[in-house]
Amino acid sequence: MDFHPYGDSAVLVNFEQKIDPQINSKVVALSKALVTSEIKGLINSIPAYCSITVTYNPLEISYSKLCEEIEKLSATSLGDQNAALRVLSIPVCYEDGYSLDWEDVEKQTGLVSTEIIEIHTKTIFQVYMLGFLPGFVYMGSLPQSIAVARKTKPRLKVPSRSVGLAGLQTGIYPSEAPGGWQIIGRTPLDIFDGHKAEPFLFQAGDSVRFKSISPESYMGIEQEIKSSNFNFDEIYG
Amino acid sequence: MRFMGSQVKIYFIKPGLQTLVQDNGRMGQQAFGVPVGGVMDKSAARIANWLVGNDVKSPLLEIALTGPHIEFEGDCQIAIAGADISPTIDGKPVNMYQTITVNDGTELKFRALKNGCRAYLSIGGDWQIKKWLNSSSAFLLSDQNLTPDSIPVKGDHLVIEGIKNVDVKSFPPRLQPKHQSPIQIGIIPGPEFDDFSKKAVDHFLNNQHTISNDYNRMGYRLETILSDFDPKQEVISSGIVPGTIQITNSGQPIILMADAQTTGGYPRIGNVITAHMDKLAQAKPGDQIKFSLVKLEDAYQALRDNEATMNLLLK
C-alpha cells in the first residue's frame, strides 16, 4: 500500500496495481472502514479496482496526518475483509434483441453463444467498483476464454440494463449511454433507479452470479417490477 | 422598508444558454458513480448567497455565457456575482456584488458577456426544489430526469418561499475578481507525474494552453497535444476528483471539473490546487492557461488565506 498526494484535498491509496479479487477485497474493506471511521476532516472514500481515493478538508487535516490515520486503520480493517459479503443472482436474457453483439463475440472467442452463456452464468463475479455513470458496475474477472476487445466503433446509445463484456470484465449499463462494451444480454432489473430512496442495486465487494432467462420470463419480471410485485429478496442469496 | 410577501415565483421567459440550479453538490455518493456536481465557482456563489442572507449551501442559479430573461412575481432581494454578463433590471444596468431589491413584475435580462463565464444569481429565501440524493444541483442523465426543477426551460417557473429582507450589503470592488486570460493555475504533481518524460513535462509547464470548444461542466479539453507522450502508460481505472488533469491517448490534456465521472484510467499529470478552482470555473473557450507546480504546503496556505479573507468579509 502506498500513498500519493492527489491534489491538495485527496490522497490516492494504491494497492498492488493488478485487477485481482483478493486485492479488491482489501480495497473494499479499507474503504468501508474509512467511511465509518471518525477521522476528523475526512470527507469521502471512493474504492476502485486496486486503489482508494480519499478526499479530505485540508483546513482540518493535513496530507501526512491523514496518511498516518489510513495506515493505522488498515492494520485492523484488512483482517475482516470477508465480513458479510452479499451474493446477488441477476437474471439475464441472452437472446437476440436483448443481446446485440453475438456475431462479434463468437468470432473473437471462437466459441458459440451457448458455450459463452454457460461460462458467463457459471462464473461467480466480484463487483470491483462503480463508476463511469451512477450505478455502472465493473465486475470480474472473466475467464480468458471469453475475454473480448471492446467494439472498434462505440455505440452512441447502449440500451439501459444491457450486460456487456470488455477485456476481462463484465458490466451492466445502469441507464442509456454511449459505450463500447460488447453487449451479450439484458437484465429486466433496474440496477439504478434514481427515484428510489436507495437507488443502487450493487455496491463494491458484492458477489454476482448471472442466471439465463427466456424472453417470456424477462417480460414477466418486467411486469412484476412495473406493478411493484417483484420480490427483490429473490436476487439475494 | 416595504413589506415583502412570503412567496415569490420567477418565470423563465428565456432560459439562456445553460442556466442551472446548483448548490454545494452530492459529496459522499462517489462510490456509486455519482459526480460531485455543485457550483463551479464556489466563492462567487458563496458571496451571492451571503448578499441576500442565505446559507452558503442554498441553491442558486448558475448562468453560463448567455443570460436568461426572468420575470419576478412578488417582491424579493437578489444578488449577482461571478461573471459579468451585463445584467439589467427593467432595461437599466444594475450593479453586481450587492443586494438588490426587486419588485413584482420586474424583468431581469442579461446582455454582452464582459468577463468570466459563469454568473450566480441568488434570491433570499427557501428555494422549493425537488432534490436528488440530498442536493438541488442539476444532474443530466439521458433517460431519467432526476432534477426537473434544476434545469429550467422556456416557460418554467421556480418558487421561493420564506422571502428574506436583509440590510443592503455589498462586496468590496477591489476584491471582485477580474477573470482575465491568461490564467495562472497552480498544480500539485499528479499520481503519474513521474511517468511522463522530461520533454512532456517541460512542454506542459513552459507553454500556455488554449481551452478548446470541447468544454462543459464535466471538463475542459485543451487544444494542446503533448510532445513526447507515450500513450502506453496505461493506468488501471481509479477514482477521479475535480481538478484532475489527465492526458488522453492522443496526448490531449483534459481538466476535469465538477460534473466529471468518478473514475477514469488516463494518466494524471497534475491536480489543480483548490484555491485556483474558482478562477478556472470562470475560464472559457479560447482563454489561455499557464500551469506552474506548487508545493502542498503552499496550496494549503493559499486556501487558508482565501478562507480567512472570506470569513472576515462575509460576516
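Described in the following lines is the structure provided in the data block. (Residues numbered from 1 in each chain as written. Chains lettered and ligands numbered in written order. Predicted model: local features only at pLDDT ≥ 70, side-chain atom pairs only at ≥ 80, totals over all residues. Heavy atoms only, no water.)

This brings us to the overall build of chain B. Each helix and strand in chain B was counted, giving 4 helices and 21 strands. Here chain B has a C-alpha radius of gyration of 20 Å; the compact-globule value for 315 residues is 20 Å, and the two agree. Based on the C-alpha atoms only, the size of chain B along its principal axes is roughly 65 × 45 × 30 Å. Taken over 315 residues, chain B has a buried fraction of 57%. Counting every atom, chain B has about 13200 Å² of accessible surface; 49% of that belongs to carbon and sulfur. Here chain B carries 31 positive and 33 negative side-chain charges, and the mean point of each set is 4 Å from the other. (Helix = DSSP H or I, 4+ residues; strand = E, 2+ residues; numbered from the N terminus. Rg over C-alpha atoms; globule rule 2.2 N^0.38 Å. Buried < 20%, exposed > 50% of the residue type's maximum accessible area, 1.4 Å probe, protein only. Areas by Shrake-Rupley, 256 points an atom, 1.4 Å probe, with all protein chains shown as cover. Lys, Arg positive; Asp, Glu negative; His and termini not counted. Charge placed at Lys NZ, Arg CZ, Asp CG, Glu CD.)

Attention now goes to the packing of helix α1 (residues 21-36) of chain A against helix α2 (residues 63-77) of chain A. All names here are of chain A. Put simply, α1 and α2 touch, their axes get as near as 9 Å, and they point 120° apart. Considered as vectors, α1 and α2 are oriented oblique to each other. Handedness of the α1/α2 crossing: right-handed. Between α1 and α2, the residues in contact are Ala29, Leu30, Ala33 and Leu34 and Ile70, Leu73, Ser74 and Ser77, respectively. (Axes fitted to C-alpha atoms, helices over the stretch in contact; angles between N-to-C directions. Parallel < 35°, antiparallel > 145°, perpendicular 65-115°, else oblique. Left-handed = near helix turned anticlockwise from the far one by under 90°. Contact = heavy atoms within 4.5 Å.)

Attention now moves to the layout of surface pockets. Computed from the structure, the second largest pocket encloses a volume of approximately 1400 Å³. For the second largest pocket, the lining is made up of 49 residues, of which Ser9 and Ile43 of chain A together with Met27, Lys42 and Thr274 of chain B are closest to its centre. When contributions to the lining of the second largest pocket are tallied by element, the ones reaching two or more residues are β3 (42-47) and β4 (51-56) of chain A together with α1 (42-51), β20 (268-272), α3 (277-281) and α4 (296-313) of chain B. Element by element, the count of residues in the lining of the second largest pocket is highest for α1 of chain B, at 5 residues. For the lining of the second largest pocket, the class distribution of residues is 25 nonpolar, 16 polar and 8 charged. (1 Å grid on protein atoms, 1.4 Å probe; cavity = no way out; pocket = protein on both sides within 12 Å on 5 of 7 lines; lining within 4 Å. Points joined across faces, edges and corners; volume = space filled by probe spheres on them. Nonpolar A, V, L, I, M, F, W, Y, C, P; charged D, E, K, R; others polar.)

Attention shifts here to the packing of aromatic side chains. Evaluated as defined, the whole model comprises 19 aromatic pairs over all chains. Here the aromatic rings of Phe132 of chain A and Phe136 of chain A are separated by 5.2 Å at their centres, their planes lie at 75°, and the arrangement is edge-to-face. The exposure class of Phe136 of chain A is buried, given its relative accessible area of 1%. Plain terms: the ring middles of Phe204 of chain B and Phe291 of chain B are 4.6 Å apart, the flat faces sit at 15° to each other, and that makes the pair stacked. Taken together, the positions of Phe204 of chain B in helix α2 (residues 198-206) and Phe291 of chain B in strand β21 (residues 288-293) put the pair 87 residues apart, joining distant regions of the chain. No difference in accessibility class separates Phe204 of chain B from Phe291 of chain B, as the two residues are buried. In this arrangement the basic side chain of Lys196 of chain A is found over the ring face of Phe232 of chain A, its NZ or CZ atom lying 4.3 Å from the centre. A cation sits over an aromatic face here: Lys169 of chain B above Trp50 of chain B, 4.5 Å from the ring centre. (Phe/Tyr/Trp six-rings, centres within 6.5 Å; stacked < 30°, edge-to-face > 60°. Lys NZ or Arg CZ within 6 Å of the ring centre and 35° of its normal.)

Another point: the side chain of Gln22 of chain B. Residue and element names in this part refer to chain B. Considering the arrangement of structural elements, one finds Gln22 in strand β2 (residues 18-22). Engagement of the side chain of Gln22 in a polar contact is seen with the backbone nitrogen of Gly38, the distance being 3.2 Å. Here Gln22 is in contact with Gly37, Gly38, Val39, Ser58, Pro59, Leu60, Glu62, Ser137, Ala138 and Arg217, once residues within four sequence places are set aside. (Polar contact = N/O pair within 3.5 Å; in protein donor to acceptor, adjacent residues only side chain to side chain.)

Attention now goes to the pairing of strand β14 (residues 208-215) of chain B. All names here are of chain B. Of the pairings in the sheet, the one linking β14 to β21 comprises 3 bridges and is antiparallel in character. Bridging across to β21, Gln208 finds its partner in Lys290. Sheet topology note: the β14/strand β15 (residues 219-222) ladder contains 2 bridges and is antiparallel. Looking across to β15, one finds that Ile211 is bridged to Leu222. What sits between the antiparallel neighbours β14 and β15 is a turn of 3 residues. (Pairing = 2+ DSSP bridges.)

It is worth spelling out the environment of Thr114 of chain A at this point. Residue and element names in this part refer to chain A. By the element assignment, Thr114 lies in helix α4 (residues 113-122). Residue Thr114 is classed as exposed on the basis of its relative accessible area, which comes to 56%. Sequence separation of Thr114 and Ala197 is 83 residues, and the distance between their C-alpha atoms is 38 Å.

Shape descriptors only; they carry no functional weight alone.
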